[in-house]
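# Analysis of the macromolecular model
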Amino acid sequence: MPISRSNTRQNHLKLARQIIEFILEHDLSKGDHLPESVLSEACGVSRTPIRSALKLLEQKEIVQKREEGGFFLNLPPDALSADISSDLDDMEGSLAARILSDRAERRLSDVQSVSALVRRYGAPRSSVLNSLKILSSDGIVVQLPGRAWAFQPMLDTPNAIEESLAFRLTLEPQAILTPGFQVDSQKIG
């Protein structure tokens, strides 16, 4: 059974938390190197998911990536708190909420590229992708072939409004005929 994107994101968040635990358990200091191979062995996964988890931590400025040097602890260990775990969860959620809000206000067209969203929100590509995955798991967007994402139709189109009215005209008169239905004479009077 293939792993869903939502599960993949959760796995990266879980690994990010494990890396924080590793930092605290090994009493690392600000500026210490975090070798992917050591973290990979400690967490029991390959380097690829470790790299993704480190990128999440980099976005929260917990670690810093140095060109051709890997990742290094950017904060002193006493600055790492339980709040960081919830911050990791909120990070993509808040961007997803902004994207959803802009879509509801019709500030975003039906089809968007990841690059366009990166430019629009000034967010890292990985955050935009994770936000789109959150929206995808809620059925709000679908990934198209290539790099584009399409928003599902909203319920405020003329066709959706017409279908909603037709559904209500079918359902509501039947509700009046159900046993136990009573008219509130104060509300209809």
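Residues numbered from 1 in each chain as written. Predicted model: local features only at pLDDT ≥ 70, side-chain atom pairs only at ≥ 80, totals over all residues. Heavy atoms only, no water.

Taking strand neighbours across the sheet as the criterion, the three strands line up as 1-3-2 in an open arrangement whose pairing is antiparallel. The open sheet has two free edges, formed respectively by strand 1 (33-34) and strand 2 (63-66), since each of these has just one partner strand. Pairing between strand 1 and strand 3 (residues 70-73): two bridges, direction antiparallel. When the sheet's bridge partners are listed, H33 is paired in strand 3 with F72. (Pairing = 2+ DSSP bridges. Helix = DSSP H or I, 4+ residues; strand = E, 2+ residues; numbered from the N terminus.)

In this structure, I19, L54 and L57 are the most contacted members of the largest nonpolar core, which totals 19 residues. At the level of secondary structure, the elements contributing two or more residues to this core comprise helix 1 (5-25), helix 2 (36-43), helix 3 (47-59) and strand 3. Ranked by residues supplied to this core, first place goes to helix 1 with six residues. Among the nonpolar cores identified, the runner-up in size contains 15 residues, and L95, I99, L132 and I134 belong to it. (Core = buried A, V, L, I, M, F, W, Y, C linked by side-chain atoms within 4.5 Å. Buried < 20%, exposed > 50% of the residue type's maximum accessible area, 1.4 Å probe, protein only.)

Turning to the packing of helix 5 (residues 114-121) against helix 6 (residues 125-137), a few remarks are in order. The contact between helix 5 and helix 6 brings their axes to 9 Å, and the two run at 115°. Viewed along their axes, helix 5 and helix 6 adopt a mutual orientation that is roughly perpendicular. Two packed elements cross with a definite hand, and for helix 5 against helix 6 that hand is right-handed. Contact residues: V114, S115, L117 and V118 in helix 5; R125, V128, L129 and L132 in helix 6. Tallied by class, residues from the contact of helix 5 with helix 6 come to six nonpolar, one polar and one charged. (Axes fitted to C-alpha atoms, helices over the stretch in contact; angles between N-to-C directions. Parallel < 35°, antiparallel > 145°, perpendicular 65-115°, else oblique. Left-handed = near helix turned anticlockwise from the far one by under 90°. Contact = heavy atoms within 4.5 Å. Nonpolar A, V, L, I, M, F, W, Y, C, P; charged D, E, K, R; others polar.)

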